[in-house]
Amino acid sequence: MRKISYIQAINESLRHEMKSNENVIIMGEDVAGGGSRDDKLDAWGGPMRLTKGLVKEFGRDRVKDTPISEAGFVGAGVGAAAAGLRPVVDLMYVSFYGVCADQITNNAAKIHYMFGGKVKVPLTIMTAMGVGGNKAAQHSETLYSIFTHFPGLKCIVPSNPYNAKGLMTAAIRDDDPVIIFNNRQLMGLKPTYDVPEDPYTLKIGKANIEKPGTDLTLIGIGYTTYLCLEAAKILESKGFSIEVIDLISLSPMDEETIIKSVKKTKKVIIVDEDYPRCSIAADISALISEQAFDYLDAPPKRINPPHTPVPYSKPLESLYAPNKETIIKNAKNLLE
Amino acid sequence: MKEHSTEISKTTLLWMYEKMLTIRLFETQANREADAGKLLGMHSSIGQEAVPTGICSLLESNDYVLGTHRSHHHCIAKGVELKNMMAELLGKATGTNKGKGGTMHIADINKGMLGANGVVGSNIPVATGVALSAKIKNTNQVTVVFFGDGASSQGSLHESMNLASIWDLPIIFVCENNLYAESTPYEYAVAGKSIADRASGYKIPGITVDGQSVIDIYKSSKIAIERARSGKGPTLIEAKTYRYKGHFGADNPLSYRTETEENYYKERDCIERLKKYLLSNEITNQENLDKIYEKSLESVNEATDFANESPFPAPEELFSDVYVSYK
Ligand SMILES: Cc1ncc(C[n+]2csc(CCOP(=O)(O)OP(=O)(O)O)c2C)c(N)n1
């Protein structure tokens, strides 16, 4: 099968959904680029090039460059969705949610419930996140945990090109508002995953067992799944049997897969790049403590960054986020 | 550096020349450091030197400036030390922000630089509050907030102009209209095509000025600063300018603009224009300008050496400064 990058995978999903459903539109800063200049069509194709080439195929009416007005265009995405379109809105970096939080948490999340289930908001928000860019506190956050707090929002975090394509397609076809979080590092990786050319969907709400094992469960989210797999290779070479779960969907969350795995391995580490307080890692830890306490050989272990903003300086930034070494160290503590 | 007569003194003109040159040389060197991988990209202010230089030539040292993701020129014009700025870009412990903020967040409260900000439009309300503080405490300080044409479409600008107007705050909203927000031309994103016009809805003066002429900037901001200082309230200045480089890092601007357009603006280069003015009016001679160049280059080189020789922050710095106190 052919191998494509994470960025190409999202791009293919968008292209196919736009082709097969004329209600799908894309809005965001520089998603086409060049504003209204006809000779400068596709000048950018999105800040991460996720939408490259789409404006040439579908035109500026459906691939809409926006002014820098997140409250305006994310809110417009909510309204357009409520009135029958299936908008995909690009929120360049997740930290900018602050500008349009009202639209996401008060409108997108609540309209279906408040209106007695009579109005749907099939909106997809895609946003980039993560450390590693030397971009400091306002351009490196992860923040997916915040959105899981709100009933009404679905939150998904792909970890490779294969599930990125299937999840993006599922998000666009979903009748609820879905936020898809694209990690900066994953978007920069070389293509090593087989990705089918034909469209397919993956179920939102389902975790994936990346590799089975019996001694320890590592739970990863997006890029940290990649880190868990790297750490697992080393741990297995030392004779341990490691199960790696890719959480994929934070809301809804696949509690069953987590609990089943932990009951088997009796030890668990959750690796999460978001801030530690009220994080998804804390939530999973609570879930395990409530539902599998009697099976555990050790308390659930969380690996998060410290309770500090993301530093700029490169040596500090690399101390900040979970990495392969911290996972191995913590795993050995539990295993030995 | 302040100036009270309508004519611009020779000292001020030479100060402006040196500042603009220093900004350009600093940015050129900072780009080299980025190319060498010591920082992963920056937003270059080359081409836009005149805007903050013209305004800051009229500010007192305790007046405030707030900026954006593209703010190296604001910092230099307001008097932030080059050494600490360059060290900050390299993420060093000796940086203005101890290496924690980097290129998009340089701040130096002692120089009245209350910070660059990476979220577009985010600093405008903050600046409004800074002006409110000056007004309530009756300090006679003026606040200048810089932002781009892109930021002019954020609600934060509109809410802030309204607040500043109803409270007569001593603030100057300065839009550096460099014609593009990333790849998006302002003629597409700005309805009505005038940012200055947006002031009229808030009953504040809106002025359009040639941002490539430091003298024009000086004249317009003089009126705005006097208005602010005398308690009459805010002004919006739209300075038409141009960024010579791409938006960030390796962005190729020719994907959304033309070489003809680039040349048009480069022929109106702010530094070259001031140089011509100084020479043709016999305010100074070439020899003196050469000396200024040497001096500026030396200060940038010193800053670069300082930055490169400085240590990175100690690991425990990761945990400090999150709060003032936290128990
Ligand atoms: C709220 C927010 N949205 C988007 C971005 C990404 N972004 C960074 S700079 C920029 C363009 C800004 O354009 P403008 O305000 O004209 O300033 P310029 O870059 O031209 O100096 C964008 C969209 C951001 N940093 N913050």
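Quick caveat: nothing in here was measured; it's all calculated off a predicted structure.

Asks: Would you mind going over the overall build of chain A with me for this structure?
Replies: For chain A, the helix and strand inventory stands at 13 helices and 12 strands. When its C-alpha atoms are laid out on the principal axes, chain A stretches across 65 × 45 × 40 Å. Residue burial in chain A is summarised as follows: out of 336 residues, 62% are buried. Within chain A, counting contacts between residues at least 6 apart in sequence, those at least 24 apart form 80% of the total. Put simply, chain A shows about 12,700 Å² of open surface, and 52% of that area lies on carbon and sulfur atoms. Positive and negative side-chain charges of chain A, numbering 39 and 40 respectively, have mean locations separated by a distance of 3 Å.

Asks: Is there a simple way to explain the sheet that holds strand 2 (residues 143–148) of chain B in this structure?
Replies: Adjacent strands of a sheet pair through backbone hydrogen bonds, lying either parallel or antiparallel. Residue and element names in this part refer to chain B. In spatial order, the strands read 1-2-3-7-6; together these 5 strands make up an open sheet with parallel pairing. The sheet terminates laterally at strand 1 (64–66) and strand 6 (206–210), the two strands that pair on one side only. Strand-to-strand twist of the sheet, defined as the mean angle between neighbouring strand axes without regard to direction, takes the value 20 degrees. The sheet contact formed by strand 1 and strand 2 spans 3 bridges and is parallel. Considered in strand 2, the bridge of Tyr64 is made with Thr143. Of the strands in this sheet, strand 1, strand 2 and strand 3 (171–177) are in contact with helix 5 (residues 123–137), which crosses strand 2 at around 170 degrees.

Asks: Help me understand the interface of chain B and chain A in this model?
Replies: Size of an interface, as often reported, equals the accessible area lost when the parts are brought together. Taken residue by residue, the interface counts 50 residues in chain B and 37 residues in chain A. For the pair chain B and chain A, the summed buried area comes to about 3,400 Å², and 58% of that belongs to carbon and sulfur atoms. Of all residues in chain B, Glu182, Tyr188 and Leu318 of chain B give up the largest surface area on contact with chain A, accounting jointly for 19% of the area buried on that side. At the surface where chain B touches chain A, the tally comes to 1 salt bridge. For the salt bridge of Glu187 of chain B with Arg37 of chain A, the shortest nitrogen-to-oxygen distance reads 3.1 Å. On the surface where chain B and chain A come into contact, there are 25 residue pairs in polar contact (both at pLDDT 80 or more).

Asks: Sorry, what's going on with the site of the ligand here?
Replies: Near the ligand there are 22 residues, and of these Glu70 of chain A together with His69, Arg70, Gly118 and Gly150 of chain B occur at the shortest range. Residues near the ligand are shared among chains A and B, making this a multi-chain site. Taking Asn178 of chain B, its side chain carries an N or O atom lying 2.8 Å from an oxygen atom of the ligand. Separating an oxygen atom of the ligand from a backbone N or O atom of Tyr180 of chain B is a distance of 2.9 Å. Burial of the ligand by the protein amounts to 97% of the accessible area it has alone, namely 580 Å².

Asks: Whenever I open this one, a nonpolar patch on the surface confuses me. Can you help?
Replies: Residue and element names in this part refer to chain A. A cluster of nonpolar side chains, contributed by Tyr113, Met114 and Phe115, occupies part of the molecular surface with about 400 Å² of accessible area. Along the chain, Phe115 turns up in the loop between helix 5 (111–114) and strand 4 (124–129). According to the relative accessible area criterion, Phe115 is partly exposed, its value standing at 43%.

Asks: Looking at this model, I keep getting lost on the sheet that holds strand 4 of chain A. Mind explaining?
Replies: Residue and element names in this part refer to chain A. The strand order 2-1-3-4-6-5-10 describes an open sheet built from 7 strands, whose pairing is mixed. This sheet does not close on itself; its edge strands, each paired only once, are strand 2 (63–65) and strand 10 (249–251). Shown here is a sheet whose adjacent strand axes are inclined to one another by a mean of 20 degrees, direction ignored. Bridge analysis of strand 3 (residues 86–93) against strand 4 gives 5 bridges, and the strand direction is parallel. Among the inter-strand pairings, Val88 is bridged to a residue of strand 4, identified as Thr124.

Asks: What is the right way to read the confidence of the model for chain A from this model?
Replies: Regions with low pLDDT should not have their predicted coordinates read in detail. Mean pLDDT over chain A works out to 98, with 100% of the residues at or above the 70 mark. The spread of mean pLDDT over the elements of chain A runs between helix 8 (residues 184–188) of chain A, the lowest at 96, and strand 8 (residues 216–220) of chain A, the highest at 99.

Asks: Help me out: how do you make sense of empty space enclosed by the protein in this one?
Replies: Over the atoms a probe the size of a water molecule is rolled, and this reveals where empty space is left. All names here are of chain B. Applying the stated criterion across every chain yields a total of 6 cavities of 30 Å³ or more. Along the wall of the largest cavity there are 14 residues; nearest its centre are Thr68, Val119, Val120, Gly121 and Phe147. For the lining of the largest cavity, the leading source of residues is strand 2, giving 3 residues.

Asks: Would you mind showing me how to read the side chain of Glu273 of chain A here?
Replies: All names here are of chain A. Take Glu273: it is sitting in the loop between strand 11 (268–271) and helix 11 (280–292). Of the side chains with opposite charge, Arg184 comes closest to the buried, unpaired Glu273, at an N-O distance of 7.3 Å. A polar contact of 2.9 Å, which involves the side chain of Glu273, links it to the backbone nitrogen of Val131. Only 3.3 Å separates the side chain of Glu273 from the side chain of Thr142, close enough to count as a polar contact. Residues in contact with Glu273, not counting those within four places in the same chain, are Gly130, Val131, Thr142, Tyr144, Asn183, Tyr223, Thr224, Pro305, Ala321 and Pro322.

Asks: Is there a simple way to explain the pattern of salt bridges in this structure?
Replies: Side-chain pairs of opposite charge can arise whenever the charged atoms involved come near each other. All names here are of chain A. A complete count under the given rule lists 30 salt bridges over all chains for this structure. Between Glu57 and Arg15 there is a salt bridge, and its shortest N-O distance comes to 2.7 Å. On the criterion of sequence distance, the pair formed by Glu57 in helix 2 (residues 54–58) and Arg15 in helix 1 (residues 6–20) is long-range, its members being 42 residues apart. Lys154 is the partner of Asp176 in a salt bridge, and the nearest nitrogen-oxygen pair spans 3.2 Å. Here Asp176 is found in the loop between helix 7 (161–173) and strand 6 (178–183), whereas its partner Lys154 is found in strand 5 (residues 154–156), with 22 residues between them in sequence. Using a relative accessible area of 19% as the deciding quantity, one classes Lys154 as buried. Connected through shared salt-bridge partners, Arg2, Glu12, Lys165 and Glu197 make up one network.

Asks: Quick question: what am I supposed to make of the packing of helix 9 (residues 223–237) of chain A against helix 13 (residues 324–335) of chain A here?
Replies: Working note: a packed helix pair is described by the angle between its axes plus the distance between those axes. Residues and elements named next belong to chain A. At a minimum axis distance of 9 Å, the contact between helix 9 and helix 13 shows a crossing angle of 50 degrees. Classified by the angle their axes make, helix 9 and helix 13 are oblique. Remark: the crossing between helix 9 and helix 13 carries right-handed chirality. Within the contact between the two elements, helix 9 uses Leu227, Cys228, Glu230, Ala231, Ile234 and Leu235 and helix 13 uses Lys324, Ile327, Ile328, Ala331 and Lys332.

Asks: Honestly, the packing of aromatic side chains in this entry has me stumped. Any pointers?
Replies: The description of an aromatic ring pair uses the distance of the two centres, along with the angle that the planes make with each other. In total, this model carries 10 aromatic pairs over all chains according to the counting rule given. Arranged with centres 5.8 Å apart and planes meeting at 50 degrees, the rings of Phe147 of chain A and Phe181 of chain A form a pair that is tilted. Note that Phe147 of chain A is positioned in helix 6 (residues 144–148) and Phe181 of chain A in strand 6, a separation of 34 residues in sequence. These aromatic residues form a ring-pair network of at least three members: Tyr97, Tyr144, Phe147 and Phe181 of chain A. A cation sits over an aromatic face here: Arg268 of chain B above Tyr264 of chain B, 3.6 Å from the ring centre.

Asks: Looking at this structure, how should I read helix 4 (residues 82–89) of chain B?
Replies: An α-helical turn contains 3.6 residues, so a residue and the one three or four places further along point in the same direction. Residue and element names in this part refer to chain B. Buried residues dominate helix 4, accounting for 6 of its 8 residues. By the burial criterion, the buried members of helix 4 are Leu82, Met85, Met86, Ala87, Glu88 and Leu89. Check the buried side of helix 4 and you find it contacts helix 1 (10–35), helix 3 (72–78) and helix 11 (286–309).

Rules used throughout
- Residues numbered from 1 in each chain as written.
- Chains lettered and ligands numbered in written order.
- Predicted model: local features only at pLDDT ≥ 70, side-chain atom pairs only at ≥ 80, totals over all residues.
- Heavy atoms only, no water.
- Helix = DSSP H or I, 4+ residues; strand = E, 2+ residues; numbered from the N terminus.
- Buried < 20%, exposed > 50% of the residue type's maximum accessible area, 1.4 Å probe, protein only.
- Contact = heavy atoms within 4.5 Å.
- Areas by Shrake-Rupley, 256 points an atom, 1.4 Å probe, with all protein chains shown as cover.
- Lys, Arg positive; Asp, Glu negative; His and termini not counted.
- Charge placed at Lys NZ, Arg CZ, Asp CG, Glu CD.
- Pairing = 2+ DSSP bridges.
- Axes fitted to C-alpha atoms, helices over the stretch in contact; angles between N-to-C directions.
- Buried area = accessible area lost by both parts, 1.4 Å probe.
- Salt bridge = Lys/Arg side-chain N within 4 Å of Asp/Glu carboxyl O.
- Polar contact = N/O pair within 3.5 Å; in protein donor to acceptor, adjacent residues only side chain to side chain.
- Near = heavy atom within 4 Å.
- Patch = residues over 30% accessible without salt bridge, like charges linked within 9 Å, V, L, I, M, F, W, Y side chains within 5 Å.
- pLDDT = per-residue confidence, 0-100.
- 1 Å grid on protein atoms, 1.4 Å probe; cavity = no way out; pocket = protein on both sides within 12 Å on 5 of 7 lines; lining within 4 Å.
- Points joined across faces, edges and corners; volume = space filled by probe spheres on them.
- Parallel < 35°, antiparallel > 145°, perpendicular 65-115°, else oblique.
- Left-handed = near helix turned anticlockwise from the far one by under 90°.
- Phe/Tyr/Trp six-rings, centres within 6.5 Å; stacked < 30°, edge-to-face > 60°.
- Lys NZ or Arg CZ within 6 Å of the ring centre and 35° of its normal.

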